[in-house]
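So you can see what is in the structure, the chains are spelled out below.
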Amino acid sequence: CYSFCTLLSPGTKMERVFYIPSRTEDFESEEKMPEGSLVANLISMDLMDQRQLRDELKAVSSRLYEEGVQNAANHFDNLYSFVKQISLFNAEGVVFLVETVTNWLSKVNALLDQLKAMDKDTPDHKAECAATYNAVKIFGWVLCKAVTHVEHTREKESLVKSKKADKDKKAEIPKDKVLKALVQTLSGDAEKQDEVYMSLLLGLASLLLENPNNLKSAGRSAATVKEGVFELVLVLAKYYSKEGAVNPVMETVVEQVVRHEHMPKYAAQLAKTAAKEAWGTLLVDQLITGSVEQSQKEKGESSSSKNIGIFLSDLAEIVPSAIIRNLTVLHGTLQSDAPAIRKAALTGFATVIGTADVDITKKSELLDLLSERILDINPWVRVSVLNNVKALCAEGKLPVGAQVQLLTNAVGRLQDKNSFVRHAATACLSVMVVNNPFGDILKLAPFQNYYNEKLGELEKERNCSTTDIELELMQPESELSEAVVRLKYYRSAVTYIRTLHDAVPSVLRVLSSKSVADVSEAIKLLTTWVRFKVEAAVDSVLKICVQVYSREAAVKACVVESFLDMVSGPGVVAGAETDAEVSSRITNQLLRIISRAAEGELSALTEILNTAGHEFCEQVIDASWNIAENSESSLMEATCGMQLFSMLSVTCPDIACQKVPELTEWGLSKGDPQFATHVCKALTSAALSPSFTPLAPSHSVLAGICSLLLGRCSSIVTWVPMARSALSALYATTNGAKQVIEKLVEKLHARYLKCLATYECSDTSEMEKLKSLKETQHVLSRMLFILGETSLLQLVCIEKKYKASLNAIHEVKKAKDGEKEAIEEELGMESKGARENELEEKFRNDEKEILSTRAVWGRHKGLVVNVCLKGDAVYADVWLKSCAALCLSMYMCVTEEFAKAYVQYLFSILKAAKEQNIRVNIVVAIGDLMTRWPNTMEPWTVAFFETLSDVDQHVRSTAFLVASHLILNDMLKARQFVHVLLAGLVDPSELIKGRAMVFLKEYSSRDRIYQALPDTLSALSRDQRLPPESLRIVLRMMLEYIDKEKQTEDLVGRLCLKFTQNTEDVLDPDANSRHARHIAECLSMLEIKQTSERAVKKLVSEACFRCYLPYLRDRVVVEFLKEIVARVRKSIPGSKERPEVKKMIDNWEQKLDEAYSKHSGGDLIEAKARQHLTKQKVVGKKNKAEESPGSAESDSSSSDSTKPSPKKRKVARGRGRGRKVTSDSDSDSDSTSTVSSESNSDGGAPPPRKKAARKPAAKRQARSPSYSSDSDESSASPEPKPKPKPKPKPKGKKPRAKGKRGRVPSSESGSSSSEPTPRVQKKRRRSTVEDDDDSDS
């Protein structure tokens, strides 16, 4: 249609009207232009240079100013030529053109405003107005084309030019003035605007929005350009704004937001500018609606979805009222498949909650959405929501009731699979507790008591039930009375604290994570809760302390820092404190922790205090000493104080050295064994001080220690830890410990003989005998314990002296030889001198001297062994047996000769002992022996690992601990036993489960799990005691540590090879199927995805396919393998599609289906195997019936199990003692599981047997079951060879007797012994399997 000016009345005439065609070239054709519109003639400017082009433009400008700018139609040919050939202008020329046309447009705008202000109704006035408006559109069209040309040119240059060229300064067109002039052309009524002209301006606005340089606010001119663009967009949007209609301007803005990453921020600013006007709210709502509709089209992660998400987040922060107004619309974004959009919407909701005055109902609705989306399927959305909740808590913007639900959902994210979500949840929980609305002390009891009290008062006051009040509590707070609101507050507090208590186990489980960051965050979280006196967290302090033994330095540092924060924090003490008050408070905190600690936790506390440093320990040690020596302290308080003093003495030995006289005077004479134990530990620490002087053997300190060892004690249970500490103090404080021990043992031995004589005296009454027996056992237990402990202490003392002397010699050598000797030592080329050899020889002699008859320990060796092995009434006491076994094991640690002589006795005691503590002590001792004498103990490894199956939980857990320690420290190469330790992951005992988890975590380092997994799988698969579900759990936990692509690829090949390593027992074909199913299940658990191209190639290769082909008859195996097919076909978001991998997996699936359908039923081969065995037995019976009478008689006599033939027995004896009669078809496992006729008289475990020699390949091939029809027939009915005729006997000579390997055939049977018939071989094999079935299994 025509774009005539509406200012003209119907009678007014105009020569030409400016009409904007769809193509610029159409101006040159009258046929393509409407009738009465301007037509242009192109003036060629190709031969003009830049000066001539500028002169031409100046000439046109001069004529316009002379005639009037409203007469632009008269010079349209020139203006059209400038636009058409604008590419001939250089940058400066384009700027000059734009500036000139802008000035024209400004003048004609001013003229048009003047004409409108005249308010005349004459034809001349109307014609002048129409001409002026015509000029406005012409100049506006020229500017739009010029600016469009500049923008397109800049875009092309930015793609071609380098960064260096981008820095070149070029003339810029005055966009701010251009935009101002163009906006001024639209100042009239919207109904009178030209539609085509408005569309032209809309295209220009869209083009300007695409360039981020137009919207930056780096300078004054840039800010003006952005304001001009915003003003132009809003004027156009106002023009197109209609109720119920889609605004094309807002559609354009949404499109720009989707396409360009710089637009979300500026679109939010545009919405803020529009929201200031009354008509702008509709535009903002349309902008939000368009964004939401676009978001629902997005799928997955993309740049457009991220842009929409950023826009919604910024809009919520800048214009929260718009979000509140469009909550219903924004709910649709939560159903979007793009996580970025959901994250942005939820961030916007959180921003609205924190910044706007929202209605309670709407705020509650938004909080419910946040709480629900903590469980979003995408981890980044969960992280965003948790961070938003944390920010709201820090600002105090969350209502009390909402915090409980948010806390519960945040606790559930502590076990999230994504590490970022776990970190966000930990940080959120910490901030929520720090900013909780219930105070600094979150103890459950006070809140619970107050809630119960107020609830009872309300029930009496209203005469109603608890249910009625609880229903009332569910109503909004605005409708409740003050008393009910207070009651609701305390109920929320109780729920809040209980949620924290329930969360502590989840936090403690994070401590076993393999991630250092997870462990550190969990420790910090528990530390925060401890400061707020959450009882469950306070009880877990000791579990935090144990983490100080972590191999990660970061975790260890975090434990020490957190522990000092817990004990040194301000707690409930308010105001300034003196140093003495601070020390007292810290000491009380430490004493409360120590009073609940176990032995291992006390060691961890000592390590923490030692790491904390000298300054911290000095601050506390005096306060602990004051508590210990204070006469007003109770015995328990004094004992805990002395215990803390002994722990701090390790770090501050100088202070303990100063207290030695007091420790001797009243510490050793306190009379309490536990107190004396810690006194002896403090003396041991005091000996480490440089100022300590070794004591003489007759010193009062040593006399006090001996009196402790010889004095009365109510129970051996309390005496043993005291004696261990006392003996350590004895060796630490004096150099003459050997003489003191000899006197001490002789006194105990004399007392033992005296008590024994009283017991054996016939004149003694039964009561006195019983008393003497107990005394004898008690004294002998002490004596044996002291002998065992001091034998190791003496060995350590000798070794310390040897090392000190050796270091002294090395120091002298270094001082003499200097740098040359140091280099030789570094290269390992230094030679031992005569002095070193003498020292080593002396050390070996002193070591052997300990157990010689000249020493006190060697003189009582026989007594130790007798107590261990004899079952007399005197030696029947449990503690006596335990001390004797402990002493024997310690003696074995001293010399290797003694260990070799008595290792069998030690295992015999372990096997025969019924007492738990004896077995536990021996298990620990075996671990020490395997470390000290690995070659001697290596044959007994199998017997040691049998303790992992002990019926007693404590013994089993101790064996787990010892075995894992040996394997993880490379003291024991026992990969074949790893499966026994990993089976502990499904043990009924939680303690063993925890230790098995620790072992798995540590064993996974250096790719050990990857190396051991196939063998471990085979061993676990053949373990009949392990249920399939338990095996599945173990496999899943092991495979969590396979996280490298190369490992997955290698495991595929190694696991496929395991299909061929099946059991060779054809009587149990289910064993092979069970093994194959487990291997297939393990393959399905591997992370074989579409990106695992090399692993897929390995799996579908011909070599691997041949391995599992025999088992594709099993439907379960095929289903497990098809799980891999489904996983590989599944596309991975963000990764490139791999059609070649999909093609490979499709072909592989087709081969699986063909192999499975070929067997039609899956169990055909197994049925044929059973039929094959039955057929062999039937044929054997038929052959036996057809044989000669002599042979049949011989066979029948051999088959009679109750009356075996003497000849048969003779042959069995001739084949070797303790060996089975086997044929070549027996399996390797049968040949290795022979039953030995020799047994230990003491019931000890026999040494391991040697492996049987591997049979020739031909025999192994003959043993493997074949399921083809040809092999079935040949094996089922063997053709007996014709019997050779016996040679005539030479006269006068008797047949030569053969040895044990054969017999002379009788003349009656006529059979040859050199070539037995297949029937006899079959008979032997069958009888062997039946007779030794238990041994085979």
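As the structure is a prediction and not an experimental result, all values here were calculated from the model. Going along each chain's sequence as written, the residues are numbered from 1 onward. Under the rules for a predicted model, residues below a pLDDT of 70 receive no local features and side-chain atom pairs below 80 are neither given nor counted, while totals for whole chains, interfaces and linings still include all residues. To get the side-chain values, all heavy atoms of the structure are used, and hydrogens and water are removed first.

Draft legend 1. Expanded view of the overall build of the protein chain. For the protein chain, the count of helices and strands is 65 helices and zero strands. Relative to its full complement of 1337 residues, the protein chain shows a buried share of 47%. Residues count as neighbours in contact if any of their non-hydrogen atoms are within 4.5 Å of one another. Within the protein chain, counting contacts between residues at least 6 apart in sequence, those at least 24 apart form 72% of the total. Of the roughly 68900 Å² that the protein chain leaves accessible, carbon and sulfur atoms contribute 51%. Each helix is a run of DSSP H or I of at least 4 residues and each strand a run of E of at least 2, with the numbering of both proceeding from the N terminus. Note on exposure labels: buried denotes an accessible area under 20% of the residue type's maximum, exposed denotes more than 50%, and partly exposed covers the range between, all computed with a 1.4 Å probe on protein chains only. Every accessible area reported is derived by Shrake-Rupley at a probe size of 1.4 Å, with residue values counting cover from the shown protein chains alone.

Draft legend 2. The side chain of threonine 1016, seen in detail. On the secondary structure map, threonine 1016 appears in helix α50 (residues 1008–1021). Threonine 1016 has contacts with Val978, His979, Leu982 and Met1038, leaving out every residue within four places of it along the chain.

Draft legend 3. Fine view of helix α3 (residues 91–118). Each residue after the first adds 1.5 Å to the expected span of a helix. With 28 residues, α3 extends 41 Å from end C-alpha to end C-alpha; this agrees with the ideal 40 Å at 1.5 Å per step. In the segment just after α3, aspartate 119 is the residue with positive phi, at about 55°.

Draft legend 4. Looking closely at the environment of glutamate 1081. Locating glutamate 1081 in the fold gives a position in helix α53 (residues 1069–1085). Of the residues examined, glutamate 1081 reaches a relative accessible area of 6% and is grouped as buried. Taking the C-alpha atoms as reference points, glutamate 1081 and glutamate 1123, 42 residues apart in sequence, are found 9.2 Å from one another. Discounting chain neighbours no more than four positions away, the residues touching glutamate 1081 are Arg1032 and Phe1120.

Draft legend 5. Local environment of the nonpolar core. For this analysis, a nonpolar core means a set of buried residues of the types Ala, Val, Leu, Ile, Met, Phe, Trp, Tyr and Cys, connected via side-chain atoms within 4.5 Å. Core analysis: the largest hydrophobic core is formed by 380 residues, its most contacted members being Phe139, Trp529, Phe563 and Tyr1108. Per-element accounting of this core gives the leading share, 13 residues, to helix α37 (residues 766–817). Here phenylalanine 139 is in contact with Leu64, Val69, Ala72, Leu79, Val101, Trp104, Leu105 and Val108, once residues within four sequence places are set aside.

Draft legend 6. Highlighting empty space enclosed by the protein. Both cavities and pockets are sets of points on a 1 Å grid over the protein atoms alone; in a cavity a 1.4 Å probe fits but cannot get out, in a pocket the set is open with protein on both sides within 12 Å along at least five of seven lines, and lining residues sit with an atom within 4 Å of a point. Grid points are joined across faces, edges and corners, and a volume is the space filled by probe spheres set on the points. Considering all chains together, one arrives at two cavities of 30 Å³ or more under this definition. Those elements that place two or more of their residues in the lining of the largest cavity are α10 (263–275) and α11 (280–295). Here the lining of the largest cavity is built from residues that sort into eight nonpolar, no polar and no charged. Volume-wise, the second largest cavity comes out at about 30 Å³. If you go around the second largest cavity, the residues you meet are Leu414, Arg422, His423, Thr426, Val510, Asp518 and Glu521. Here the element with the most residues in the lining of the second largest cavity is helix α19 (residues 419–434); it accounts for three residues. Under the grouping applied here, Gly and all other residues not named as nonpolar or charged are polar, the nonpolar ones being Ala, Val, Leu, Ile, Met, Phe, Trp, Tyr, Cys and Pro and the charged ones Asp, Glu, Lys and Arg.

Draft legend 7. Quick look at the pattern of salt bridges. Any carboxyl oxygen of Asp or Glu that lies within 4 Å of a side-chain nitrogen of Lys or Arg is treated as forming a salt bridge with it. Counted under the stated rule, the structure contains 40 salt bridges. For the salt bridge of arginine 1094 with glutamate 1049, the shortest nitrogen-to-oxygen distance reads 3.3 Å. With arginine 1094 in helix α54 (residues 1093–1100) and glutamate 1049 in helix α52 (residues 1045–1058), this pair connects stretches of sequence that are 45 residues apart. For arginine 1094, a relative accessible area of 51% translates into the label exposed. Judged by relative accessible area, which is 11%, glutamate 1049 ranks as buried. Linked through salt bridges whose partners overlap, the residues forming this network are Arg23, Glu25, Asp26, Lys32 and Lys84.

Draft legend 8. Geometry of the packing of helix α26 (residues 553–568) against helix α28 (residues 599–612). At a minimum axis separation of 10 Å, α26 and α28 run at an interaxial angle of 90°. Viewed along their axes, α26 and α28 adopt a mutual orientation that is roughly perpendicular. Counting all contacts with α26, which are made through Lys556, Val559, Val560, Phe563 and Leu564, the residues of α28 involved are Leu605, Glu607, Ile608, Leu609, Thr611 and Ala612. Note on definitions: angles span 0 to 180 degrees between N-to-C directions of axes, and those axes are lines fitted to C-alpha atoms, for helices only across the stretch in contact. Any angle that is under 35 degrees is reported as roughly parallel, and any over 145 degrees as roughly antiparallel; angles of 65 to 115 degrees are reported as roughly perpendicular and all others as oblique.

Draft legend 9. A look at the environment of threonine 684. When you line up the elements, threonine 684 lands in helix α33 (residues 673–686). Note on threonine 684: relative accessible area 23%, which makes it partly exposed. Placed 45 residues apart in sequence, threonine 684 and alanine 729 show a C-alpha to C-alpha distance of 4.6 Å. Not counting chain neighbours up to four residues away, the residues in contact with threonine 684 comprise Ser725, Ser728, Ala729 and Ala732. A distance of 3.4 Å separates a polar side-chain atom of threonine 684 from the backbone nitrogen of alanine 729. Whenever two N or O atoms come within 3.5 Å, that pair is a polar contact, provided that in protein one can donate a hydrogen and the other can accept it, and provided that, for residues adjacent in sequence, both atoms are side-chain atoms.

Draft legend 10. Quick peek at the packing of helix α32 (residues 660–667) against α33. Running from N to C, α32 and α33 cross one another at 160°; their axes reach a closest spacing of 10 Å. The angle between α32 and α33 places the two elements in the roughly antiparallel class. Judged by the twist between their axes, the crossing of α32 over α33 is left-handed. Of the residues in α33, those in contact with Val660, Leu663, Trp666 and Gly667 of α32 are Phe675, Val679, Ala682, Leu683 and Ala686. Split into classes, the residues belonging to the contact of α32 with α33 amount to eight nonpolar, one polar and no charged. By convention the crossing between two helices is left-handed if the near helix lies anticlockwise of the far one by an angle smaller than a right angle, and right-handed if it lies clockwise.

Draft legend 11. Up close: the environment of arginine 975. For arginine 975, the location among the structural elements is in the loop between α47 (953–968) and α48 (978–982). The sequence separation of arginine 975 and alanine 1012 amounts to 37 residues, and the corresponding C-alpha distance is 6.8 Å. Non-local contacts of arginine 975, meaning those with residues more than four positions away in its chain, are made with Tyr1003, Gln1011, Ala1012 and Asp1015.

Draft legend 12. Main features of the confidence of the model for the protein chain. Across the protein chain, the average pLDDT comes to 77, with 79% of residues at 70 or higher. Below pLDDT 50 for its whole length, residues 161–169 participates in two contacts with residues either more than four positions away or in separate chains. Per residue, pLDDT measures the predictor's confidence, with a range of 0 to 100. Predicted confidence is poor over residues 1181–1337, with pLDDT under 50, and the contacts of this stretch with residues over four places away or in other chains come to 113 contacts.

Draft legend 13. Structural view of a negative patch on the surface. What makes a patch is a set of residues exposed beyond 30% relative accessible area and free of salt bridges, joined within 9 Å when like-charged and within 5 Å when nonpolar (Val, Leu, Ile, Met, Phe, Trp, Tyr). Charge counting follows a simple rule: Lys and Arg are positive, Asp and Glu are negative, and His as well as the terminal groups are ignored. For the purpose of locating charges, the reference atoms are NZ of Lys, CZ of Arg, CG of Asp and CD of Glu. There is a patch of like negative charges on the surface, built from Glu615, Glu618, Asp622 and Asp654. Per element, the largest residue contribution to the negative patch is three residues, and it comes from helix α29 (residues 614–629). Mapped onto the fold, aspartate 654 is located in helix α31 (residues 653–658). Since its relative accessible area comes to 38%, aspartate 654 is described here as partly exposed.

Draft legend 14. Representation of the side chain of asparagine 214. Along the chain, the position of asparagine 214 falls in the loop between α7 (195–210) and α8 (220–240). A distance of 3.1 Å separates a polar side-chain atom of asparagine 214 from the backbone oxygen of leucine 208.

Draft legend 15. Here's a closer look at α50. For α50, with 14 residues, the first-to-last C-alpha span of 19 Å sits near the 20 Å given by 1.5 Å per residue. At proline 1014, α50 shows its maximal bend, which comes to roughly 40°. Most of α50 sits out of view: eleven of its 14 residues are buried. Taken together, the buried positions of α50 are Arg1008, Ile1009, Tyr1010, Ala1012, Leu1013, Pro1014, Thr1016, Leu1017, Ser1018, Leu1020 and Ser1021. Bend, at a single residue, is the angle you get between axes fitted to the 7 residues ending at that residue and the 7 residues starting at it.

Draft legend 16. Spotlight on the packing of aromatic side chains. Any Phe, Tyr or Trp ring, taking Trp's six-membered ring, that has another such ring centre within 6.5 Å forms a pair; planes under 30 degrees apart are called stacked, those over 60 apart edge-to-face, and the others tilted. Here the structure, examined in full by the defined rule, presents 32 aromatic pairs. Judged by centre distance (6.1 Å) and plane angle (75°), the ring pair of phenylalanine 82 and phenylalanine 89 falls under edge-to-face. On the accessibility criterion, phenylalanine 82 (1% relative accessible area) is buried. For the pair phenylalanine 438 and tyrosine 489, a centre-to-centre distance of 5.3 Å together with 50° between the ring planes defines the contact as tilted.

Draft legend 17. Summary view of unusual backbone geometry. The residue asparagine 463 is not glycine, and still its phi comes out positive at about 55°. Turning to its location among the elements, asparagine 463 is positioned in the loop between α20 (444–462) and α21 (466–473). We classify asparagine 463 as exposed; its relative accessible area is 72%. Phi at aspartate 970 takes a positive value of approximately 55°, unusual for a residue other than glycine. In this structure, aspartate 970 sits in the loop between α47 and α48.

Draft legend 18. Spatial organisation of the state of the cysteines. By definition, disulfides here are pairs of cysteine sulfur atoms that lie within 2.5 Å. As enumerated under the stated definition, the model contains zero disulfides in all. Cysteine cysteine 393 is unpaired, with the sulfur of cysteine 428 as its nearest cysteine sulfur at 5.7 Å. Given the relative accessible area of 4%, cysteine 393 is considered buried. Between cysteine 1107, a free cysteine, and cysteine 1104, which holds the nearest cysteine sulfur, the sulfur-to-sulfur gap is 5.8 Å. For cysteine 1107, a relative accessible area of 13% gives the class buried.

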